[in-house]
Amino acid sequence: MKILVINAGSSSLKYQLIDMETEAVLAKGACERIGIPGSKLTHKVSGKEDFVKETPIPEHKVAVELVMEALIDADHGVIKSTDEIDAVGHRVLHGGTVYCDSIVVNEDVKRIIREYFDLGPLHNPANLTGIEACEAAMPGKANVAVFDTAFGMAMPEKAYTYAIPHEYLEKYSIRRYGFHGTSHNFVSHEAIQFGALGDNAKVIVCHLGNGASISASIGGKCVDTSMGLTPLEGLIMGSRSGDIDPAVAQYICNKEGKDINEVLNIFNKQSGILGMSGGISTDFRDVQKAADEGNHLAKVALDAFAYRVAKYIGAYTAAMNGVDAIVFTAGVGENDARMRGQIMEYMGYLGAAIDEDINKASRGKEAVISTADSKVKVMVIPTNEELMIARDTANLTANL
Ligand code: AMP
């Protein structure tokens, strides 16, 4: 069985073709600058040189057609015909309160994705465009929507409800949803398997990348997660503030004559380690280099990042009345042994300890980095959202 995974953005379309027997990526790539001058397709097949086609891509349907052409091309293709693609899985940001699981797309599903344009204004319209482009380019092929909010839908009411007047939940569905759900779902389940943790394991997944979030789950079922109505809540991120007193927004508005949208833009795009470090970078490597060279703000930004993660781990341990495993994933979590070490320094009270040599040697591959006598297993598990989307798609369409 072969599954095509599509992640459509407003001007981009990323794809992977995955063979489900081996879970190997047969080909992957991206169309960039859709609808903008200078558009191109980059197609990658392992062991071959990248194929790049610079050509106008006025809309997503043309992008999907180019992907199809590349996949069946005699030189750089990996299949003979698109008939070999069994189904298409789509990353969709927001399923609102309706979807707590992936689903085969029909007109109702598209209507709901459209209904939640307000809650995912940058992503949901693009995700729907990607689905419709595949329907047009490959009529009759099953499409599956995999929602980034689905994992968080298992949160209990006490975790997802904001302490604001109830009418806002009723009228506008204002509540915590959580994002990076596909990653948290994948990593928490992989951790249970890889760490031989047992079916009801209490797992905290730290997804630390440019966007950062943390989840608590029991047996792979979400108990709490740090992002909220939008991805702004929770941890400090590359350029997002994470948790902040909302009155700060009003104060900046009043002092600088800005409106709320401008300040929210600052919280989303100019804050986090970028803002705290005085504008050095959203990239942890740059901020770390500056800190090593004696830049005080860079050091404070990294210290604050680690401190915030540690506080959440404490809170989630309390929420679950214990923790069996703490798992690191995404760009920083998978690669940055120093940041993992810095966070784990706070975990002495849990009896959790990491083996520094193993920690330093673990980069981008599954590993248990805790000591043999650590009371909590600490792991690195690389995230793989595309594989999670492909697995859900294969499961839902196997008997269609
Ligand atoms: P992601 O959003 O998961 O793709 O993560 C991207 C971020 O991971 C980058 O912005 C970097 O800050 C960070 N990153 C990647 N590799 C390393 C590394 N070796 N050390 C520290 N940070 C890294």
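Right above here is the structure, for reference.
What you see is a predicted model; the values in this text were computed from it and never measured. (Residues numbered from 1 in each chain as written. Predicted model: local features only at pLDDT ≥ 70, side-chain atom pairs only at ≥ 80, totals over all residues. Heavy atoms only, no water.)

Q: Could you clarify how one ought to interpret the nonpolar core in this entry?
A: Inside soluble globular proteins, nonpolar side chains tend to come together where they are buried. If you look at the biggest cluster of nonpolar residues, it comprises 46 residues, and the most contacted ones within it are Leu208 and Ile326. Of all elements in the fold, only β9 (202–208), β10 (212–218), α10 (284–292), α11 (296–320), β12 (325–329), α13 (337–344) and β14 (377–380) reach the threshold of two or more residues within this core. In terms of residues, this core owes the most to one element, α11, which gives 12 residues. (Core = buried A, V, L, I, M, F, W, Y, C linked by side-chain atoms within 4.5 Å. Buried < 20%, exposed > 50% of the residue type's maximum accessible area, 1.4 Å probe, protein only. Helix = DSSP H or I, 4+ residues; strand = E, 2+ residues; numbered from the N terminus.)

Q: Looking at this model, I keep getting lost on the sheet that holds β10. Mind explaining?
A: Strands pair in a sheet through their backbones, by hydrogen bonds, and they do so in one of two ways: parallel or antiparallel. Read from one edge to the other, the open sheet built from six strands follows the order β11-β10-β9-β12-β14-β13, with strand pairing classed as mixed. Pairing within the sheet leaves two strands with one partner each, and these edge strands are β11 (221–225) and β13 (367–368). Here seven bridges tie β9 to β10, and the two strands are oriented antiparallel to one another. Within the sheet, the bridge partner assigned to Ile204 lies in β10 and is Ala216. (Pairing = 2+ DSSP bridges.)

Q: Just checking my understanding: could you explain the site of the ligand for this structure?
A: Every residue close to the ligand is listed here: Gly209, Asn210, Asp283, Phe284, Arg285, Ala330, Gly331, Val332, Asn335, Asp336 and Arg363. Contact distances for the ligand include 3.1 Å between an oxygen atom and a side-chain N or O atom of Asp283. Between the ligand and the protein, one listed contact pairs an oxygen atom with a backbone N or O atom of Phe284 at 2.7 Å. Taken together, the elements giving at least two residues each to the shell around the ligand come down to α10 and α12 (330–335). For the shell around the ligand, a count of residues per class yields three nonpolar, four polar and four charged. (Near = heavy atom within 4 Å. Polar contact = N/O pair within 3.5 Å; in protein donor to acceptor, adjacent residues only side chain to side chain. Nonpolar A, V, L, I, M, F, W, Y, C, P; charged D, E, K, R; others polar.)

Q: Where do I start with a nonpolar patch on the surface in this structure?
A: Together, Ile164, Tyr168 and Tyr172 line one region of the surface with nonpolar side chains, adding up to about 290 Å² of accessible area. For Ile164, the position within the fold is in the loop between α4 (157–160) and α5 (166–172). (Patch = residues over 30% accessible without salt bridge, like charges linked within 9 Å, V, L, I, M, F, W, Y side chains within 5 Å. Areas by Shrake-Rupley, 256 points an atom, 1.4 Å probe, with all protein chains shown as cover. Salt bridge = Lys/Arg side-chain N within 4 Å of Asp/Glu carboxyl O.)

Q: Honestly, the packing of aromatic side chains in this entry has me stumped. Any pointers?
A: Aromatic ring pairs: the centre-centre distance and the angle between the two ring planes describe each pair. Applying the stated criterion across every chain yields a total of five aromatic pairs. With centroids separated by 6.4 Å and ring planes inclined at 15°, the aromatic side chains of Tyr168 and Tyr172 adopt a geometry described as stacked. Of this pair, Tyr168 and Tyr172 both sit in helix α5, four residues apart, which is roughly one turn of that helix. On the basis of relative accessible area, Tyr168 is assigned to the partly exposed category, the value being 32%. Classification of Tyr172 as partly exposed rests on a relative accessible area of 47%. Pairing Tyr312 with Tyr316 gives two aromatic rings, centres 5.6 Å apart and planes at 75°, and the pair type is edge-to-face. You can see Tyr312 and its partner Tyr316 sitting in helix α11, four residues apart, about one turn around the helix. (Phe/Tyr/Trp six-rings, centres within 6.5 Å; stacked < 30°, edge-to-face > 60°.)

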